[in-house]
Amino acid sequence: LYGHELMVCPVTHPMYYTEGSQEIDAPDRYLDVYLPAGWGWYDFYTEAYYEGGQDIESILNRFGRATIEFVCKPQRFLKSGETARTFTAAGTLTNITRMDALPVITVYGSGAGTVTVNDTVVTISEIDGYIVLDSEMMDAYKGTINKNPYISAAEFPVLKAGNNSISFTGGVDSLEIVPHWLTI
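Here is what the cut-offs are and how they apply
- Residues numbered from 1 in each chain as written.
- Predicted model: local features only at pLDDT ≥ 70, side-chain atom pairs only at ≥ 80, totals over all residues.
- Heavy atoms only, no water.
- Helix = DSSP H or I, 4+ residues; strand = E, 2+ residues; numbered from the N terminus.
- Buried < 20%, exposed > 50% of the residue type's maximum accessible area, 1.4 Å probe, protein only.
- Contact = heavy atoms within 4.5 Å.
- Areas by Shrake-Rupley, 256 points an atom, 1.4 Å probe, with all protein chains shown as cover.
- Core = buried A, V, L, I, M, F, W, Y, C linked by side-chain atoms within 4.5 Å.
- Salt bridge = Lys/Arg side-chain N within 4 Å of Asp/Glu carboxyl O.
- Polar contact = N/O pair within 3.5 Å; in protein donor to acceptor, adjacent residues only side chain to side chain.

Peer 1: Can you help me understand the overall build of the chain in this one?
Peer 2: Summing up its helical and strand segments, the chain has one helix and 14 strands in all. For the chain, buried positions account for 32% of its 184 residues. Across the chain, every contact between residues at least 6 apart in sequence was considered, and the portion connecting residues at least 24 apart equals 62%. Summed over its atoms, the accessible surface of the chain is roughly 12200 Å², and 54% of this surface lies on carbon and sulfur atoms.

Peer 1: Is there a simple way to think about the nonpolar core in this case?
Peer 2: Within soluble globular proteins, side chains that are nonpolar generally end up buried alongside one another. Membership of the largest hydrophobic core comes to 23 residues, with the highest contact counts inside it found for Val107, Ile124, Ile151, Leu159, Ile166, Leu175 and Ile177. Mapped by element, the contributors of at least two residues to this core are strand S8 (104-117), strand S9 (120-134) and strand S13 (162-178). In contact with Ile166, other than residues within four places in its own chain, are Phe87, Ala90, Gly91, Leu93, Thr116, Val117, Leu159, Leu175 and Ile177.

Peer 1: Looking at this model, I keep getting lost on the pattern of salt bridges. Mind explaining?
Peer 2: Side-chain pairs of opposite charge can arise whenever the charged atoms involved come near each other. Inspection of every chain in the model, using the stated rule, returns two salt bridges. Taking the shortest distance from any N to any O, the salt bridge between Lys160 and Asp100 comes out at 3.3 Å. Here Lys160, found in the loop between strand S12 (151-152) and S13, pairs with Asp100, found in the loop between strand S7 (91-95) and S8; they are 60 residues apart in sequence, far enough to count as distant. Residue classification places Asp100 among the partly exposed residues on the basis of a relative accessible area of 37%. The closest approach of N and O atoms between Lys142 and Asp128, which form a salt bridge, is 3.9 Å. Here Lys142, found in strand S10 (residues 139-142), pairs with Asp128, found in strand S9; they are 14 residues apart in sequence, far enough to count as distant. The partly exposed category is assigned to Asp128, whose relative accessible area is 49%.

Peer 1: I keep staring at the side chain of His180 and nothing clicks. Help me out?
Peer 2: Of note, His180 is situated in the loop between S13 and strand S14 (182-183). On the basis of relative accessible area, His180 is assigned to the buried category, the value being 16%. For His180, the side chain forms a polar contact with the side chain of Glu82, separated by 3.0 Å. If near-sequence neighbours (up to four positions away) are discounted, His180 is found in contact with Phe77, Gly81, Glu82, Ala101, Leu102, Pro103 and Val104.

What follows is the structure, encoded as structure tokens:
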């Protein structure tokens, strides 16, 4: 494990084909990675989910060679979309791509307030320092604490292509928006 929530498994040798495109025999396809029980494991690269309490080596040996078809998202994140934008007053955030973006919005303040992105209004009944609105995960949290019971919205905010109006009221002091711009 790398920290408390991230497992890293480097693959240090080719598993299926050599650099010269020669197929590698099955005995050389050994990968021994145990996924601890009690947790679900999510592959950020493929977006595949694995149940804990098993090891990858046994999965490969049990099923042998197989063809698996994944329906992958064709887009990729732009590095510029990982930079947080801070709003201390109402403003505009321009999405220069042609694809809708699902931002992570950190709302700072205290008490109750609202956050409006275009026509989407998120009503927050309790802000205690901050609350995070994660549009891709459709989740509200503070650290590891579930804050979904404290928000009300028809949907999570989406940053459309072009200009997006951003505003907030009530106990909201400021917003920090990581837009997660997408491109093909």
